[in-house]
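Each chain is listed here by its residues.
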Amino acid sequence: MSRKQFVPLFYFGTLISSIGTFSFNLALIAFMLKNGFHLGQASLIIGLQRFVPVVITGIWGHHTDRWSAKITVAVAEAIAAATSVALIVIWSDGSTSYPLLAAACVIRSIVVSFQVGSRAKITKLLSDETYANNSRHAIWMNKATQGATLFGGLFAWVIIRYFDLETAIYFDAATFLLNGVIVTLLPNLESAEAAPVERVGWHQKFHELFKFNKRAAILDILLATSMIGTVAYMARLAGSDQSWAGLYMGSYGLAVWVAVFLERGVTSKLSTTPYWIVLGSCFLILGQLAGPSALTLAVFFIKDLSFWTIFHRISSHIQIDTPASRMGSVISARTSIMITILALGEILVGAWSSYVSISSESSVRAVFAIVIGGYLIANSSRKVALDDRPAL
């Protein structure tokens, strides 16, 4: 298979696999709540699914730069599909064991997490030396992973309303297997690298993330902080009808795709500053709206559109500034930091849901994002990058 044919197939397989994962996570929360579990228990599993793999890949994830990216992804997908059998057995049991359910979910997420750096390495090997081309591949990877929330949310909505958690598990396993098969058909891209990959210490990859683009790395951390507990926050907004969480997730995913088109034209002419202000303003409005509605969904979409515009810009800067030989390590470091923040956020949002009102939580998020926007305005620079990349 030629490289040209490989590009759309690679992103398609990644998209399919991501759709299954997002559908499962939303369905897991919804059916746990229906079966008497508390939001704090459900969000703890979601948080642990993100946090525990980060700890492990944070220590060993940089080794993926020395492995075949193709084989790493294929093997991870196959093992993840196999763990679905354990989930079926645990959930189908008359009295579901919470510790066993949590353990199975976490183990599967650990396996999947090892392929993150390999996927990023493949996108870098497919890119040339220009900002435009690197940006295109970085954004396509965002669409194939986070953009899958559009379809994942819709599938989750159908599953929650008409089916059961077993359906979500089977669907997720099928997407793992399909992507694994697709990856095995891909050509060997590692030969495109001119230089051998050096051994990198687990701590060095974090240093290199900030070394290649410090401003992008810092804004990345602040952006993740503003969006902590995304899934738990959706569940809070959905209230008693958790099918709305699927719609919020679909809106979240739609924003990924719309932001891509805007970033190619309109939004690329501006820095990220105004989008921070809009992000914060939307959080403020969401805190004042009562319950799920079409208006809440619209504001939620605008909020996510701002978020993804900023995220796409940061991803493009990191991709162009990072050498291919360090891409897996740098993305492993970036993912470790972001997911740690988001995972702890899932746990916190679920834990404080009984004590902190949705209005108060949204107000704190709003102030945080608006303050960052104000800081960027106060410290704006008119300096133009040599490659004419859009400003952060």
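Remember, it's a predicted structure, so these values are computed and weren't measured experimentally.

1. What about the overall build of the protein?
If you tally the helices and strands in the protein, you get 16 helices and zero strands. The 392 residues of the protein split such that 56% are buried. Put simply, the protein shows about 16,100 Å² of open surface, and 69% of that area lies on carbon and sulfur atoms.

2. Digging into a nonpolar patch on the surface
On the surface, Ile 71, Val 75 and Ile 79 cluster together into a nonpolar patch covering about 260 Å² of accessible area. Along the polypeptide, Ile 71 turns up in helix α3 (residues 69-92). By relative accessible area, Ile 71 is classed as exposed at 53%.

3. Observations regarding the confidence of the model for the protein
Across the protein, the average pLDDT comes to 83, with 89% of residues at or above 70. A low-confidence stretch, residues 382-386 (pLDDT under 50), is modelled with zero contacts involving residues beyond four sequence positions or located in other chains.

4. Quick notes on the layout of surface pockets
A probe as big as a water molecule, rolled over the atoms, marks out the empty space that is left. Roughly 230 Å³ of volume is contained in the second largest pocket. Lining the second largest pocket are Tyr 131, Ala 132, Ser 135, Arg 136, Ile 139, Trp 140, Lys 143, Val 260, Glu 263, Arg 264, Ser 268 and Pro 390. Elements supplying a minimum of two residues to the lining of the second largest pocket: α6 (131-145) and α12 (243-263). With seven residues, the top contributor of residues to the lining of the second largest pocket is α6.

5. Considerations on the pattern of salt bridges
Oppositely charged side chains are able to pair whenever their charged atoms sit close together. Across all of its chains, the model carries six salt bridges by this definition. Note that Arg 119 and Glu 77 form a salt bridge whose closest N and O atoms lie 4.0 Å from each other. A residue pair is termed long-range when its members are at least 10 positions apart, and Arg 119 in helix α5 (residues 116-126) and Glu 77 in helix α3 qualify at 42 residues. On the basis of relative accessible area, Glu 77 is assigned to the buried category, the value being 0%. Notably, a salt bridge pairs Arg 236 with Glu 361, separated by 2.7 Å at the nearest N-O pair. Of the two residues, Arg 236 is situated in helix α11 (residues 230-238) and Glu 361 in helix α16 (residues 358-378); the sequence distance between them amounts to 125 residues. Each of the two residues, Arg 236 as well as Glu 361, counts as buried. The network of salt bridges with shared partners includes Arg 236, Glu 361 and Arg 365.

6. Structural notes on the nonpolar core
One recurring pattern in soluble globular proteins: nonpolar side chains tend to sit buried together. Of all hydrophobic cores here, the largest spans 94 residues; its most connected members are Leu 28, Met 32, Leu 101, Leu 165 and Trp 276. The leading source of residues in this core is helix α1 (residues 3-34), at 14 residues. Not counting residues up to four positions away in its chain, the partners in contact with Leu 28 are Ile 45, Ile 46, Leu 101, Cys 105 and Leu 165.

7. Some thoughts on the packing of aromatic side chains
Counted according to the given criterion, the structure contains 15 aromatic pairs. Look at Phe 307 and Trp 308: their rings are 4.7 Å apart centre to centre, the planes differ by 70 degrees, and that puts the pair in the edge-to-face class. Taking the relative accessible area as the measure of exposure, Phe 307 reaches 5% and is therefore buried. Three or more aromatic residues joined by ring pairs make a cluster, and in this case those are Phe 10, Tyr 11, Trp 140, Phe 151 and Trp 257. In this structure, Lys 303 packs its charged tip against the face of Phe 300, placed 4.1 Å from the ring centre. The cationic tip of Arg 365 hangs over the ring face of Tyr 233; the distance from NZ or CZ to the ring centre is 4.4 Å.

8. Quick notes on helix α10 (residues 214-226)
Taking 1.5 Å per residue as the helical rise, α10 with its 13 residues ought to reach 18 Å, and the 19 Å between its terminal C-alpha atoms agrees with that figure. Turning to α10, its buried residues number three or more, namely Ala 216, Ala 217, Leu 219, Asp 220, Leu 223, Ala 224 and Ser 226.

9. Quick word on helix α8 (residues 165-184)
What sets the pattern is the α-helix's 3.6 residues per turn: residues three or four places apart point alike. Taking 1.5 Å of rise per residue, the 20 residues of α8 would be expected to cover 28 Å, and the 29 Å separating its terminal C-alpha atoms lies within 8% of that figure. Among all positions of α8, only Leu 165, Glu 166, Ala 168, Ile 169, Asp 172, Ala 173, Thr 175, Phe 176, Asn 179, Gly 180, Ile 182 and Val 183 are buried.

10. Considerations on the side chain of Arg 365
With respect to the secondary-structure elements, Arg 365 resides in helix α16. Of the polar contacts made by the side chain of Arg 365, one reaches the side chain of Glu 361; its length is 2.8 Å.

11. Looking at the packing of α3 against α8
Following both chains from N to C, one finds α3 and α8 inclined at 165 degrees, their axes separated by 8 Å at the closest point. Of the possible angle classes, the one that applies to α3 and α8 is roughly antiparallel. Pair α3 / α8 crosses with left-handed handedness. Between α3, through Lys 70, Val 73, Ala 74, Glu 77, Ala 80, Ala 81, Ser 84, Leu 87, Ile 88, Trp 91 and Ser 92, and α8, the contact on the second element is made entirely by Leu 165, Glu 166, Ile 169, Tyr 170, Ala 173, Phe 176, Leu 177, Asn 179, Gly 180, Val 183 and Thr 184. In terms of residue class, the contact of α3 with α8 is made up of 14 nonpolar, five polar and three charged.

12. Comments concerning the packing of α10 against helix α13 (residues 273-288)
As a packed pair, α10 and α13 sit with axes 12 Å apart at the nearest point and diverge in direction by 15 degrees. One element, α10, and the other, α13, form an angle in the roughly parallel class. Crossing handedness for the pair α10 and α13: left-handed. Here α10 contributes Leu 219, Leu 222, Leu 223 and Ser 226 to the contact with α13, which in turn contributes Trp 276, Leu 279 and Phe 283.

13. Structural notes on the environment of Glu 77
Between the C-alpha atom of Glu 77 and that of Ser 17, which follows or precedes it by 60 residues, the distance is 8.4 Å. The residues contacting Glu 77, other than those within four sequence positions of it, are Ser 17, Gln 115, Arg 119, Phe 176, Asn 179 and Gly 180.

14. Overview of the environment of Leu 126
Counting through the fold element by element, Leu 126 comes out in helix α5. Classification of Leu 126 by relative accessible area gives buried; the value is 10%. Sequence separation between Leu 126 and Val 7 is 119 residues, and the spatial gap between their C-alpha atoms is 7.7 Å.

Cut-off values and rules
Residues numbered from 1 in each chain as written. Predicted model: local features only at pLDDT ≥ 70, side-chain atom pairs only at ≥ 80, totals over all residues. Heavy atoms only, no water. Helix = DSSP H or I, 4+ residues; strand = E, 2+ residues; numbered from the N terminus. Buried < 20%, exposed > 50% of the residue type's maximum accessible area, 1.4 Å probe, protein only. Areas by Shrake-Rupley, 256 points an atom, 1.4 Å probe, with all protein chains shown as cover. Patch = residues over 30% accessible without salt bridge, like charges linked within 9 Å, V, L, I, M, F, W, Y side chains within 5 Å. Salt bridge = Lys/Arg side-chain N within 4 Å of Asp/Glu carboxyl O. pLDDT = per-residue confidence, 0-100. Contact = heavy atoms within 4.5 Å. 1 Å grid on protein atoms, 1.4 Å probe; cavity = no way out; pocket = protein on both sides within 12 Å on 5 of 7 lines; lining within 4 Å. Points joined across faces, edges and corners; volume = space filled by probe spheres on them. Core = buried A, V, L, I, M, F, W, Y, C linked by side-chain atoms within 4.5 Å. Phe/Tyr/Trp six-rings, centres within 6.5 Å; stacked < 30°, edge-to-face > 60°. Lys NZ or Arg CZ within 6 Å of the ring centre and 35° of its normal. Expected span 1.5 Å × (residues − 1). Polar contact = N/O pair within 3.5 Å; in protein donor to acceptor, adjacent residues only side chain to side chain. Axes fitted to C-alpha atoms, helices over the stretch in contact; angles between N-to-C directions. Parallel < 35°, antiparallel > 145°, perpendicular 65-115°, else oblique. Left-handed = near helix turned anticlockwise from the far one by under 90°. Nonpolar A, V, L, I, M, F, W, Y, C, P; charged D, E, K, R; others polar.

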